[in-house]
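# What the coordinates show
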Protein chains: 4
Amino acid sequence: MNIQSQPRHIMDRREQILQATANLIAECGLQASPMSKVAKSACCGAGTIYRYFETKEDLVRELYKELTTQMNQACLQDYDRAACIKVRFYTIWGNFYRHMSSNPRDCALMEQLSASPAICCHFKDEAMEPLRQEVDQLIDEGKQQQLFKELPNETLAMFTFGSLASIAKKQHNMAEQCQPANVYETQNLLNLCWDAVKA
Amino acid sequence: MNIQSQPRHIMDRREQILQATANLIAECGLQASPMSKVAKSACCGAGTIYRYFETKEDLVRELYKELTTQMNQACLQDYDRAACIKVRFYTIWGNFYRHMSSNPRDCALMEQLSASPAICCHFKDEAMEPLRQEVDQLIDEGKQQQLFKELPNETLAMFTFGSLASIAKKQHNMAEQCQPANVYETQNLLNLCWDAVKA
Amino acid sequence: MNIQSQPRHIMDRREQILQATANLIAECGLQASPMSKVAKSACCGAGTIYRYFETKEDLVRELYKELTTQMNQACLQDYDRAACIKVRFYTIWGNFYRHMSSNPRDCALMEQLSASPAICCHFKDEAMEPLRQEVDQLIDEGKQQQLFKELPNETLAMFTFGSLASIAKKQHNMAEQCQPANVYETQNLLNLCWDAVKA
Amino acid sequence: MNIQSQPRHIMDRREQILQATANLIAECGLQASPMSKVAKSACCGAGTIYRYFETKEDLVRELYKELTTQMNQACLQDYDRAACIKVRFYTIWGNFYRHMSSNPRDCALMEQLSASPAICCHFKDEAMEPLRQEVDQLIDEGKQQQLFKELPNETLAMFTFGSLASIAKKQHNMAEQCQPANVYETQNLLNLCWDAVKA
DNA sequence: AATGAATGAGTCTTCATTCAT
DNA sequence: AATGAATGAAGACTCATTCAT
């Protein structure tokens, strides 16, 4: 029973183009990634891209969507709503940091695309919605149990998000060869976050 | 005693172009800001820009440098190396947050340019060097006094930097009309940071 | 007794494609009618078109040929060479005007294709040849009977042709909903033509 | 006292491009006249065209406008509203025929552009407005004096227009080398028209 | 020094045509 | 025979940069 409704080779083609785009933009930047190069990198004709994506803008948006979806999924892996607040906090943000840390390309890509006016704000927010909701509820419950500081949810969330993302990014810039974040290091960073937000 | 070697009106011209560039890029993005528009916005001919900046890349780099210099200066305002660690910590990062918070345009600009491969890493680091050194020393001393967690300086610095920057940015996105950060709010955010890094 | 050498369904396919092409070009113009749209409109794959027509140019030429053939046939309907000059004159040009008037799509199409350098002059002339010959002979006989002005046949023919075509076209432009030309109106127009050419 | 508000060389450039466009479209057709060829033919860079015309569509529209304006002016040359109907009729349509006859390029161009969906109907009508008004008034007066048949003005106008245009066009097609219409011939054609419309 | 017209390489995108299935 | 995915050449248009005035 195949879960995909589309034939295999179609999915491959689309994915092939998305991967080529990701590699190219991560390396050269959005403006230095013309469709002709994307095509060459994806081993297809320029026109082929337009069978899968309406415009370059659409292509970039879909790439962003895929990156975000993967990140959301990674963050919520093994996440158990029944667990205690601290475990849930460490799970989500640990997942987040490990994901960013072990995928330098996607990390750089997300930073670049997030900052780019090429993707509209509304779309960005929408893509992050699933994770945002989960984090929002976590903070709500944490506040009820008086574990967290009494600051706006958005503030606490962005604080953690921004700090971990910055560190992952910095790490990539310093060591071009990127060994995955070790357990010890990740734990320390999560402690920083926890100490920050806890009441 | 004039510190500038160039005549006054020349500086004005240069500054005029930089401001026009800043406004345009902040509003439209780097790729949607052609030199012709910059020229129009700066009320000068397109050719004139090239008397002050070698290329568009150079113009953007110089803009980034100016933004960074201003941010560095803002951060170190009233900074007293003789003061105690906590005061110094609150001074620098308070300055930083207030600067980001009250200059939405520059905040958005720095995010965009920082993420852009149009400016090379080396150049970015260089521009931040003065602030980095000061923060580095602050953390060193803090560690000596066993006030800070035993994590790499880079980590502690990026943690604070990234979290505050993210919050400022988020704030701008949410409320397009940007009232400057009030004292109370800023204090709370600095407490978050301090709690995070303190031993 | 089937006059056609090709099997029935093949003809249908070909006709289907020609009709789709006609509708599309009439509505969107030649340049805005790509083969892919023609295929979709004809409910077949793009490749299928090339089994019936060598190139797009060929397709358009064949369409023009069909339109012209139909027009020629329409003009010569009930045409009796034994009738008197005036009757024959009114028959041919009456048929012509009614045909143009009641087929706005084909009228617009012929105008567009006639004006297009995409179809060469030689081909256009050839397609009109049957009608041209008949008209030519009519004018010859009319001149013999001193009913017509002593002007070149081509001139007299084009005069009538051009004037009626222009009026039909204008009519379509003015009233987008096109009721077929009524008898009275047509009669008046033919009177104009007759008065023009008669000696 | 210079009637032109724009500097001389600007006008030249624009005119240069319009002429190149006219020649190219007349020879190759609209679809076979890419901007790159227009540029080469006008001896300028492709980008230069866009300083004078917003898009290719705009360029073609402006060309059509110029052609129509020239035709309108030609038609109304020596036209005296105080003259008698017949003289006015012969003046306008004689001018028209001589203009079409002696400018094969513009004649072919107008036919092609008139038939093209690239220029919208509204624009076409607008361009012809001055001449249309004059002809309209002429026919009104003619009818008052019971010189003309009682048919709609539009019909009488299009009849004359269409017939003369068709003949001019035909003439060009037949003799590629185009001697200007001689007096005798023109007079005969106008007689055809006059006989057609007169009561 | 200042201007802005001119340039043409480079960008995105379309589309006639082919060919593997 | 029919399909439609793939191709890549070609088109419209943009824009960093130059240079004559």
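Higher on the page you've got the structure.
Residues numbered from 1 in each chain as written. Chains lettered and ligands numbered in written order. Predicted model: local features only at pLDDT ≥ 70, side-chain atom pairs only at ≥ 80, totals over all residues. Heavy atoms only, no water.

A word on the relation of the copies chain B and chain A. Between chain B and chain A, which share one sequence, the superposing operator has a rotation angle of 179° and an axial displacement of 0.0 Å; the RMSD is 0.2 Å. Seen this way, the second copy is the image of the first under a two-fold rotation axis. A high fraction, 100%, of the interface residues of chain B reappear at the interface in chain A, so the copies pair face to face through one surface. (Least-squares fit on C-alpha atoms with pLDDT ≥ 70 in both. Contact = heavy atoms within 4.5 Å.)

As a further point, take the relation of the copies chain C and chain D. Superposition of chain C onto chain D requires a rotation of 179° combined with a translation of 0.0 Å along the rotation axis, giving an RMSD of 0.2 Å. Interface overlap between copies is the fraction of interface residues in one copy that are interface residues in the other; for chain C against chain D it reaches 100%, indicating a shared surface.

If you check the shell around DNA strand E, you find 27 residues, and the closest are Arg51(B), Met35(C), Thr48(D), Arg51(D) and Tyr52(D). Atoms of DNA strand E within 4 Å of the protein belong to the sugar or the phosphate in 75% of instances, the rest to bases. A distance of 2.8 Å separates a phosphate oxygen of DNA strand E from a polar side-chain atom of Tyr50(A). Within the contact set of DNA strand E, a phosphate oxygen lies 2.5 Å away from a side-chain nitrogen or oxygen of Tyr52(D). (Near = heavy atom within 4 Å. Polar contact = N/O pair within 3.5 Å; in protein donor to acceptor, adjacent residues only side chain to side chain.)

Moving on, we get to the protein's contact with DNA strand F. Looking at DNA strand F, there are 27 residues lining it, with Thr48(A), Arg51(A), Tyr52(A), Met35(B) and Arg51(C) nearest. Atoms of DNA strand F within 4 Å of the protein: sugar and phosphate make up 76%, bases the balance. With respect to DNA strand F, the side chain of Tyr50(B) contributes an N or O atom lying 3.1 Å from a phosphate oxygen. Within the side chain of Lys56(D), a nitrogen or oxygen atom sits 2.7 Å from a phosphate oxygen of DNA strand F. Broken down by secondary-structure element, the contributors of at least two residues to the surface near DNA strand F are helix H3 (46–52) of chain A, helix H3 (46–52) of chain C together with helix H3 (46–52) of chain D. Of the residues in the surface near DNA strand F, the class split is 12 nonpolar, 9 polar and 6 charged. (Helix = DSSP H or I, 4+ residues; strand = E, 2+ residues; numbered from the N terminus. Nonpolar A, V, L, I, M, F, W, Y, C, P; charged D, E, K, R; others polar.)

Another point: the interface of chain B and chain A. Listed as interface residues are 32 residues of chain B and, on the opposing side, 33 residues of chain A. Of the roughly 2,700 Å² buried where chain B meets chain A, counting both sides, 73% is carbon and sulfur surface. When the buried area of chain B at its contact with chain A is split by residue, Gln31(B), Phe159(B) and Leu192(B) rank highest and sum to 23% of it. Where chain B touches chain A, the interface holds 2 salt bridges. Notably, a salt bridge pairs Asp195(A) with Lys149(B), separated by 2.6 Å at the nearest N-O pair. Inspection of the region where chain B meets chain A yields 2 residue pairs in polar contact (both at pLDDT 80 or more). Top element by residues in the side of chain B that touches chain A is helix H8 (residues 153–174) of chain B. It accounts for 11 residues. (Buried area = accessible area lost by both parts, 1.4 Å probe. Salt bridge = Lys/Arg side-chain N within 4 Å of Asp/Glu carboxyl O.)

Here the focus is unusual backbone geometry. Residues and elements named next belong to chain B. Of note in this structure, Gln146 is not a glycine but carries a positive phi near 55°. Structurally, Gln146 can be placed in the loop between helix H7 (121–144) and H8. You can call Gln146 exposed: its relative accessible area is 66%. (Buried < 20%, exposed > 50% of the residue type's maximum accessible area, 1.4 Å probe, protein only.)

A few words now on the interface of chain C and chain D. It is common to give the size of an interface as the accessible area lost on bringing the parts into contact. Each partner contributes to the interface: chain C provides 31 residues, whereas chain D provides 32 residues. Buried surface at the junction of chain C and chain D, summed over both partners, amounts to about 2,700 Å²; 73% is from carbon and sulfur atoms. It is Gln31(C), Phe159(C) and Leu192(C) in chain C that bury the most area against chain D; as a group they hold 23% of the surface buried on that side. Along the contact surface separating chain C from chain D lie 2 salt bridges. Counting every contact that joins chain C to chain D gives 2 residue pairs in polar contact (both at pLDDT 80 or more). If you list the elements that add at least two residues to the side of chain C that touches chain D, you get helix H6 (104–115), helix H8 (153–174) and helix H9 (183–197) of chain C. Looking at the side of chain C that touches chain D, the element that brings in the most residues is H8(C), giving 11 residues.

Counting across every chain of the model gives 7 cavities of 30 Å³ or more. Size it by volume and the largest cavity reaches roughly 160 Å³. Gln31(A), Ser116(A), Leu30(B), Gln112(B) and Ser116(B) are, among the 13 residues lining the largest cavity, the residues nearest its centre. Within the residue set of the lining of the largest cavity, elements represented by two or more residues are helix H6 (104–115) of chain A together with helix H6 (104–115) of chain B. (1 Å grid on protein atoms, 1.4 Å probe; cavity = no way out; pocket = protein on both sides within 12 Å on 5 of 7 lines; lining within 4 Å. Points joined across faces, edges and corners; volume = space filled by probe spheres on them.)

This paragraph deals with the side chain of Ser163(C). Residues and elements named next belong to chain C. Along the chain, Ser163 falls in helix H8. For Ser163, a relative accessible area of 0% translates into the label buried. Side-chain polar atoms of Ser163 contact the backbone oxygen of Phe159, separated by 2.9 Å.

With the rule as written, the count across this model stands at 31 aromatic pairs over all chains. Relative to Trp194(C), the ring of Phe89(C) lies with its centre 5.2 Å away and its plane at 70°, an arrangement referred to as edge-to-face. Taken as a pair, Phe89(C) in helix H5 (residues 85–102) and Trp194(C) in helix H9 lie far apart in primary sequence, 105 residues in all. Taking the relative accessible area as the measure of exposure, Phe89(C) reaches 4% and is therefore buried. In this structure Trp194(C) comes out as buried when scored by relative accessible area, which is 7%. Aromatic ring contacts, followed pair by pair, group Phe89(A), Tyr90(A), Phe148(A) and Trp194(A) into a single cluster. One residue, Arg61(B), lies across the ring of Phe123(B), its end atom 6.0 Å from the ring centre. (Phe/Tyr/Trp six-rings, centres within 6.5 Å; stacked < 30°, edge-to-face > 60°. Lys NZ or Arg CZ within 6 Å of the ring centre and 35° of its normal.)

Attention now goes to the nonpolar core. Judged by nonpolar contacts, the single largest core of 119 residues is most densely connected at Ile49(A), Phe89(A), Ile49(B), Met71(B), Phe89(B), Trp93(B) and Phe96(B). It is H8(B) that provides the largest number of residues to this core, a total of 9 residues. Those residues in contact with Phe89(B) that lie beyond four places of it in its chain are Gly94(B), Leu138(B), Phe148(B), Thr160(B), Leu190(B), Cys193(B), Trp194(B) and Val197(B). Leu24(C), Leu164(C), Leu109(D) and Ala157(D) belong to the second largest nonpolar core, which has 118 residues in total. (Core = buried A, V, L, I, M, F, W, Y, C linked by side-chain atoms within 4.5 Å.)

As a further point, take the environment of Ala20(B). Residues and elements named next belong to chain B. Its place among the elements puts Ala20 in helix H1 (residues 8–28). For Ala20, a relative accessible area of 5% puts it in the buried group. The spacing of Ala20 and Phe89 is 69 residues in sequence and 34 Å in space, taken between C-alpha atoms. Those residues in contact with Ala20 that lie beyond four places of it in its chain are Val38, Ser41 and Ala42.

Another point: the pattern of salt bridges. Residues and elements named next belong to chain A. Taken as a whole and assessed by the stated rule, the structure comprises 44 salt bridges over all chains. The closest approach of N and O atoms between Arg61 and Glu57, which form a salt bridge, is 3.3 Å. Highlighted residues: Arg61 and Glu57, both in helix H4 (residues 56–75), separated by 4 residues, approximately one helical turn. Under the relative-accessibility criterion, Arg61 is labelled partly exposed at 24%. Note on Glu57: relative accessible area 46%, which makes it partly exposed. What you see here is one network of salt bridges that share partners, running through Arg14, Glu62 and Lys65.

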